[in-house]
Structures are given as structure tokens and as C-alpha cells.
Amino acid sequence: MGLNTSPRRCLASVIPYAPGKSIASVQRELGLKNVVKLASNENPLGPSPKAMAVYRRVEKQCHIYPEGASPELRQAIARFHKLAPEQVLVGNGSDELIRYLCEAFVDPEDEVVVSQYGFIRFRQQALLMGARVIEVPMVDWTHDLETMAKAASARTKLLFVANPNNPTGTYNTEDEVRRLLKTVPRSTLVVLDEAYCQFAGEWDDYPTSIPDLVREHDNVVVLRTFSKAYGLAGLRVGYAVADPEVLSWLDRIRMPFNVNLPAQQACIEALKDAAFVRRSVSVVSTARAPLAASLRELGFSVQDSATNFLFVKCPIPGRELFKGLLKLGVIIRPLDEYGLKEHARISIGSRDQNRQLLAALRQLIGVPV
Ligand SMILES: Cc1ncc(COP(=O)(O)O)c(C=O)c1O
């Protein structure tokens, strides 16, 4: 039976997002028991126990709809950042907000500026709207904000910067971002996706986008997530901070109950658990340099990272490495979808997880002479 109709033409250019392989699927397919996942930049500490206590407490209310616009969580985020609630919009992961930005602002043939190896979801969502995607080459695996600013025209609705970037792990400084904001047309919304910002906090020149840049520029949208430093990827909660008028357009197309009830309540608690976030950051910053050094000894070239993952050039093709490690019970992320066949992305895990990764790598590729 063939399809008797045709999907929207722009779908031909949309390649679906390839998420990290799950532990359950590897256990099922390869019959392995002990599987380590270092493929989706999740938190090796697990979720904040305080947030989970609230999650369990509200489970008895799961027969009722949540409040549609997550007003309590919105207020809690606003309080956390010393903003007004109207400057915050909550999404089903920051991913949903990337989608809303494109759906709300991009008409077919409008331009969207992205970076060559910037987070792939920006391009995918823009293509879904039939946009002309302008891709600006990176310099040293970093967004070239000066060239991106020059690429933006009156037709450019959105300019996306992941800061720090996934998958390259690099970041742009406050000076670079400020220069970008001086140059782009005011009609271009500059989206600063800061999913990994907590891990970049130790660099003094990392931008203070909230509240400074958002207050100073009505065309800045900052995206944050509970999936990384807060350890709540499974709950799917992210938020946007921006000018209320910008957010009002996203709110218009928001799904009626986009964030579920336990997730809303657990995230309010997670915001209060600053000690957990500090511990998450500390686990990563303690392991980052030693793990990079061990990988270099094994013949990898490792990019400096301001995130909870390492972007590496592998001694064997990335897909081969991924497949070999899979058989040894370790899941990493190959980067073919970015056209990076020699590279891979490896999340920084717990001490045990990193040890298991290194043992598997030694078994697979040995120590080069
Ligand atoms: C740069 C970046 N932005 C956004 C996201 C989406 O995060 P979430 O939808 O879990 O909030 C990710 C997830 O890995 C990411 O790496």
C-alpha cells in the first residue's frame, strides 16, 4: 500500500534527530547486563533526591491535568533569576522551545543563521518551516560570531548560538556575544542556547546572559534546561527567558499542557537544590582533565571542553569506535549526522563509568606505540 498523499515538501530535507542509543536497547540487542551510557550528556549523579521526593509526593494527583502554563514553575524560575514571570516560558525540554521559536517566527524562505557544527536541532527545526538555512563555518570548532553576524540580513528571523556548543564543547565569550548583538539587525532574534552553562561557569569570560543580556536586548532569547546539571532529562523541562512580547508569540502556539504535573513540581524543588547542582558541576570538572589526558594517551585528539562531554577525534572512524564499544557495553555518540566521521562525543560520567570506558577503549584499540 503506497501513500496516496504527499507530506509537506520541506520534509524531504529533514533528517530525523538521532538520539543516543538507550541502555535498554543495548541490553536487549546484545544480551549485555552491565551497560554504561555516555551518549546523551546525562548526569552521572542521577536526579536531585529533593526533586524526586516532591515527584513522588505529587504522583497521587496524576489523575488531574496540570496547570497548562506551568505558572508556579514559571514564578519559581523568575524568582531564581530575579525576573518577572512574563519573561519566562516553560517548555517540554528546551527542545520544544527551539521548535516553538521556529514555528512562531519563521515563514518559508525566511533566513535562519546557524553555525556549521552548531547543535543540529536548530537546523532541523528551521528546515521544517521551509527556511533558508545559512550555515557559517566554525573557527577552531567554535561559533564564529563575527561572521555569523555579517551573515544576518533583514530576512534573518533567527540566529542560533549554542553556548557552550553541543557537540564541539566550545564556548563564546561575553565580548564576542556583545559584539554579535551590536551588529545583528534588531529584527533578528538571537537565541543563546545555554543547556550546559553551569559547566562553563568556571570561565570568567563566559557571558552573563541572564539577567544582563536579556535586560539590555529585546531580541535576545536565552534557553536553559533541567536535563543536564539538574539531572532531570527524563522529566523533559526547559525554559526560555526573553522579552515578554517575544514569549507571548511562543505561548500562543504552546501545546495546552506541555509540561506534566510531577515535572512542574519537581523542577520547583530542583531550583532550590543548589548543593546538588554544585556537586554535578564538581563531578564533571574533577574528571574532565584526567579523562581527556587518558584519551590523549590512547591516541585521541581532545578538544578543550566547557561542558559535561568531550569532543574527540578518534584513532579509528567514529562509527567503528561506537560499534566496538557497544559490544563492550559502553555507549558513546558517533557524529555522522554532523558529517563528522572521524569524531565522537563522549559524556563525562562517574569515576566508575569513566573507568569502564577507558578499560573498553584499551581493549578495543590498545595503547598506540
Ligand atoms: C545544546 C543543546 N540544546 C538543547 C538541548 C535539548 O535539551 P532538553 O530538550 O533536554 O532540554 C540539548 C540536549 O542535549 C543540547 O545539547
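A quick note: this is a predicted structure, and the numbers were derived from the prediction, not measured. (Residues numbered from 1 in each chain as written. Predicted model: local features only at pLDDT ≥ 70, side-chain atom pairs only at ≥ 80, totals over all residues. Heavy atoms only, no water.)

Undergrad: How should the overall build of the protein be read in this particular structure?
TA: Summing up its helical and strand segments, the protein has 14 helices and 13 strands in all. By the compact-globule yardstick of 21 Å for 369 residues, the protein fits well, its C-alpha radius of gyration being 21 Å. The C-alpha extent of the protein, read off along each of the three principal axes, is 60 × 60 × 50 Å. Residues counted as buried form 55% of the 369 residues belonging to the protein. A fraction of 74% describes how many contacts in the protein between residues 6 or more apart in sequence connect residues 24 or more apart. When the accessible surface of the protein is summed, it comes to about 17000 Å², and 52% of that surface belongs to carbon and sulfur atoms. (Helix = DSSP H or I, 4+ residues; strand = E, 2+ residues; numbered from the N terminus. Rg over C-alpha atoms; globule rule 2.2 N^0.38 Å. Buried < 20%, exposed > 50% of the residue type's maximum accessible area, 1.4 Å probe, protein only. Contact = heavy atoms within 4.5 Å. Areas by Shrake-Rupley, 256 points an atom, 1.4 Å probe, with all protein chains shown as cover.)

Undergrad: Could you clarify how one ought to interpret the sheet that holds strand S4 (residues 132-136) in this entry?
TA: Strand pairing in a sheet is mediated by backbone hydrogen bonds. Such pairs are either parallel or antiparallel. Spatial strand order, S2-S8-S7-S6-S5-S3-S4: 7 strands in an open sheet with mixed pairing. Of all the strands in the sheet, the pair left with one neighbour each is strand S2 (88-91) and S4. With strand direction ignored, the average angle separating the axes of adjacent strands in the sheet is 20°. In the sheet, strand S7 (residues 220-225) pairs with strand S8 (residues 238-241) via 4 bridges, with the strands oriented antiparallel. Directly across from Arg224, in S8, lies its bridge partner Tyr239. Lying on the sheet, helix H4 (residues 93-105) is in contact with S2, strand S5 (156-162), strand S6 (189-193), S7 and S8; it crosses S7 at an angle near 155°. Of the strands in this sheet, S2, S6, S7 and S8 are in contact with helix H10 (residues 244-253), which crosses S2 at around 30°. (Pairing = 2+ DSSP bridges. Axes fitted to C-alpha atoms, helices over the stretch in contact; angles between N-to-C directions.)

Undergrad: Looking at this structure, I do not really get the state of the cysteines. What am I missing?
TA: Every disulfide links exactly two cysteines, by a covalent bond between their sulfur atoms. Tallied over the full model, the rule gives 0 disulfides. No disulfide involves Cys10; its nearest neighbouring cysteine sulfur is the one of Cys102, lying 11 Å away. Judged by its relative accessible area of 15%, Cys10 falls in the buried class. (Disulfide = S-S within 2.5 Å.)

Undergrad: Would you mind showing me how to read the domain arrangement of the protein here?
TA: As assigned here, the protein comprises domain 1 (11-40 + 275-365) and domain 2 (49-272). Centre-to-centre separation of domain 1 and domain 2, based on C-alpha positions: 25 Å. Counting residues at the interface gives 28 residues for domain 1, matched by 29 residues for domain 2. For the pair domain 1 and domain 2, the summed buried surface comes to about 2400 Å²; carbon and sulfur atoms form 66% of the total. The largest share of the area that domain 1 buries against domain 2 comes from Tyr17, Ala306 and Tyr338, three residues that together contribute 25% of it. Here Arg288 ties to Glu202 by a salt bridge, and the two come within 2.9 Å at their closest N and O atoms. (Domains from an automatic or database assignment. Buried area = accessible area lost by both parts, 1.4 Å probe. Salt bridge = Lys/Arg side-chain N within 4 Å of Asp/Glu carboxyl O.)

Undergrad: Help me understand the sheet that holds strand S13 (residues 340-347) in this model?
TA: Taken together, the 4 strands give an open sheet; going across it, the order is S9-S10-S13-S12, and neighbouring strands pair in antiparallel fashion. In this open sheet, the two edge strands, each paired with only one partner strand, are strand S9 (301-302) and strand S12 (333-335). With 5 bridges connecting them, strand S10 (residues 309-313) and S13 associate as antiparallel partners. From the neighbouring strand, Lys313 faces S13, where its bridge partner is His343. Taken strand by strand, helix H12 (residues 274-297) contacts S9, S10 and S13, and its axis lies near 20° from that of S10.

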